[in-house]
Amino acid sequence: MKKLNEIINCDYNIPIKGIKTDSRNIKKGDLFIAIKGFNEDHHKYIDDAIKNGAIAIIGEKDIDCSIPYIKVKDANKELPKILSKYYNGIEKDFRFIGITGTDGKTTTATIVSKILNCCYIGTNGVIYQSMRINSNNTTPEICELYEYLVKLKKLGCKTIVMEVSSEALLHKRVDNIEFDYACLTNITEDHLNIHKTIENYIKSKKKLVSLVRKNGITILNIDDKNYKNVKKSCKCKMYTYGKEENADFKICQINTTDYKMKFNIKYQGEEYEVVTPLFGEYNAYNITLAFCVCYNLGISPHEIIQKINNISEIEGRGEKLNFGQNYTIILDYAHTYNGIYNIITNVRKLKPKRVLVLTGAAGGREKEKRSKIGKMILENSTYAIFTMDDPRYEDVNSIIDDLVSDSNLTNYERVINRKEAINKIFSLSKEGDIILILGKGRDNYMAIENKKIKYCDYDVINEYFANKNTKK
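Quick notes on the rules
Numbering of residues begins from 1 in every chain and follows the order in which that chain's sequence is written. The model is predicted, so local features are restricted to residues of pLDDT at least 70 and side-chain atom pairs to those at 80 or more, both for listing and for counting; the totals for chains, interfaces and linings are taken over all residues. Side-chain metrics rest on all non-hydrogen atoms present in the structure, leaving aside hydrogens and water. A run of H or I in DSSP counts as a helix once it spans at least four residues, and a run of E counts as a strand once it spans at least two, with each numbered from the N terminus. When a residue's accessible area, from a 1.4 Å probe over protein chains only, is under 20% of the maximum for its type it is buried; when over 50% it is exposed; and in between it is partly exposed. We call two residues in contact when some of their heavy atoms are within 4.5 Å. Classification of ring pairs uses Phe, Tyr and Trp, with its six-membered ring standing for Trp, and accepts pairs whose centres are within 6.5 Å; under 30 degrees between planes counts as stacked, over 60 as edge-to-face, and the remaining range as tilted. A ring is considered to have a charge above it if a Lys NZ or an Arg CZ atom is located within 6 Å of its centre and within 35 degrees of its normal. Between Lys or Arg on one side and Asp or Glu on the other, a salt bridge is scored when a side-chain nitrogen of the former is within 4 Å of a carboxyl oxygen of the latter. Paired strands, in this sense, are two strands between which DSSP finds at least two bridges. Angular values range over 0 to 180 degrees, each being the angle between N-to-C directions of two axes fitted as lines to C-alpha atoms, with helices fitted over their stretch in contact.

### Some remarks on the side chain of S84
Turning to step 1, where the next piece is worked out: Structurally, S84 is set in helix α3 (residues 75-86).
Turning to step 2, where the next piece is worked out: Judged by its relative accessible area of 13%, S84 is buried.
Turning to step 3, where the next piece is worked out: With near-sequence residues (within four places) excluded, S84 lies in contact with G89, E91, K92, Y146 and N176.

Have a look at this one:
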């Protein structure tokens, strides 16, 4: 426990039990920092924080307060500094591998964590040894992140591979972390509801490169159209990967058959063969990036390849589900145009009888992209069911109207309730079909209005087959 004047310049000699930016999580003796988030200005929750036991407040506005209040110019900027002081610079006790990009973060980070037996932090939560904590964000809020670091240090963790979202970079959640590795998967248009322009989005992604320590390493996808732009920001040692001839770690001889993929990674004249059930060309990129990270950390190519070959699936990412059915179910988080297009086109190469797709579009997010995504799905699948996917304050029917607005095709139906939609698509399925359940992956909630209702696609699918088997 530290005193307030030990973590920020002030005259208040008050012991602080914890630091929070969410008034709902405040406990007696905590410091509340009123940051300005994307959706919320936390200053309006100061009274709630005080009622819940806050002992002091830090904010940006002139406010009369019943407890000690310290005004700062930028609370978001001050927050990382305050946390670092409060937790005695605990972030310096870890080796951080940061992975950003529009697609592939979860898969790549998971592969790296499995090869290194290190901690994973990302969309699937915080995972290390027997510890597993669900997280509401791809990159945790910074107060939560420091609480995780304390737990991880006690468990003896030394290395963390972290998915770093563009929003986390924009809102300074990782500003005081010196990354040993910064990795970029790709950049396609996404999250413009937050960043407003593609230029701002790219700028946020590029920021990770600037957070690498001087003797660290940046790894870039040489095939990505934004490669040269990002490269300009690189001030440390850099490696590239991709199919391009000049790539340091070159992907070659890709062959996908029957849910397996074989390809080679060529580096400095040597070729290493990978055989993996993680099918699809996009996974060749994810695997090669993971190989590059681990190779530079001193893991032998033989050991890396052996561990990659033993990874059968990534939860919620091209996850093939087997409940004894005579058709194939693939659960995937894909929600961007690029992500959905990649998985549909790759499963079509497997020559199934039909490809059936279930998906939706998030409410309050990039409405202008929906028609393009919907048209692509209808043109590349046999049949689609459009349903809810975190509608927030939008009407699901209106979202679906947007999805189908640019196509005259009628190979779809709408089923608003997602659980009913999943049950319906299974009732339509026949032997030899591939069913793609897209958009939510293993998420454990459905965002409706301002609430996150407990929900998980996997649980719905599991329940469907449990009930079906019971009736036999």
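### Remarks on the packing of aromatic side chains
Turning to step 1, where the next piece is worked out: The tally for this structure, following the rule as stated, stands at 20 aromatic pairs.
Turning to step 2, where the next piece is worked out: Residues F96 and F179 carry aromatic rings whose centres are separated by 6.0 Å and whose planes lie at 70° to one another, so their mutual orientation is edge-to-face. Here F96 is found in strand β7 (residues 95-100), whereas its partner F179 is found in strand β12 (residues 179-184), with 83 residues between them in sequence. In this structure, F96 and F179 share a single accessibility class: buried.
Turning to step 3, where the next piece is worked out: Arranged with centres 5.0 Å apart and planes meeting at 85°, the rings of Y464 and F465 form a pair that is edge-to-face. Just as Y464 is buried, F465 falls in that class too.
Turning to step 4, where the next piece is worked out: What links up through ring pairs into an aromatic cluster is the set Y239, F249, Y267, Y272, F291 and Y295.
Turning to step 5, where the next piece is worked out: Sitting above the plane of the Y337 ring, K372 keeps its charged end 4.6 Å from the centroid.
Turning to step 6, where the next piece is worked out: In this structure, R442 packs its charged tip against the face of Y458, placed 3.8 Å from the ring centre.

### Notes on unusual backbone geometry
Turning to step 1, where the next piece is worked out: The backbone of N88 shows a phi angle near 55°, a positive value even though the residue is not glycine.
Turning to step 2, where the next piece is worked out: For N88, the location among the structural elements is in the loop between α3 and β7.
Turning to step 3, where the next piece is worked out: Under the relative-accessibility criterion, N88 is labelled exposed at 60%.
Turning to step 4, where the next piece is worked out: Its identity as a non-glycine residue notwithstanding, E449 has a phi of 55°, on the positive side.

### Observations regarding the pattern of salt bridges
Turning to step 1, where the next piece is worked out: One pass over the structure, following the stated rule, counts 30 salt bridges.
Turning to step 2, where the next piece is worked out: Here D457 makes a salt bridge to R418, at a shortest N to O gap of 2.9 Å. Taken together, the positions of D457 in helix α16 (residues 457-471) and R418 in helix α15 (residues 418-428) put the pair 39 residues apart, joining distant regions of the chain. Each member of the pair, D457 together with R418, is buried.

### Structural notes on the sheet that holds strand β3 (residues 18-20)
Turning to step 1, where the next piece is worked out: Sheet architecture is open: 4 strands sit in the order β3-β4-β5-β6, paired in parallel fashion. Every interior strand has two partners, whereas the edge strands, β3 and β6 (69-71), have only one. With strand direction ignored, the average angle separating the axes of adjacent strands in the sheet is 20°.
Turning to step 2, where the next piece is worked out: Summarising the sheet, strand β4 (residues 30-33) and strand β5 (residues 56-59) pair through 3 bridges and their orientation is parallel. Bridging across to β5, I33 finds its partner in I58.
Turning to step 3, where the next piece is worked out: Across the sheet, α3 touches β3, β4 and β5, and the angle it forms with β3 is around 160°.

### Remarks on the pairing of strand β14 (residues 237-242)
Turning to step 1, where the next piece is worked out: The sheet contact formed by strand β13 (residues 212-221) and β14 spans 5 bridges and is parallel. Looking at the pairing, I219 lines up with Y239 of β14.
Turning to step 2, where the next piece is worked out: The pairing of β14 with strand β15 (residues 249-257) spans 2 bridges and is classified as parallel. In the strand pairing of β15, G242 is matched with K250.

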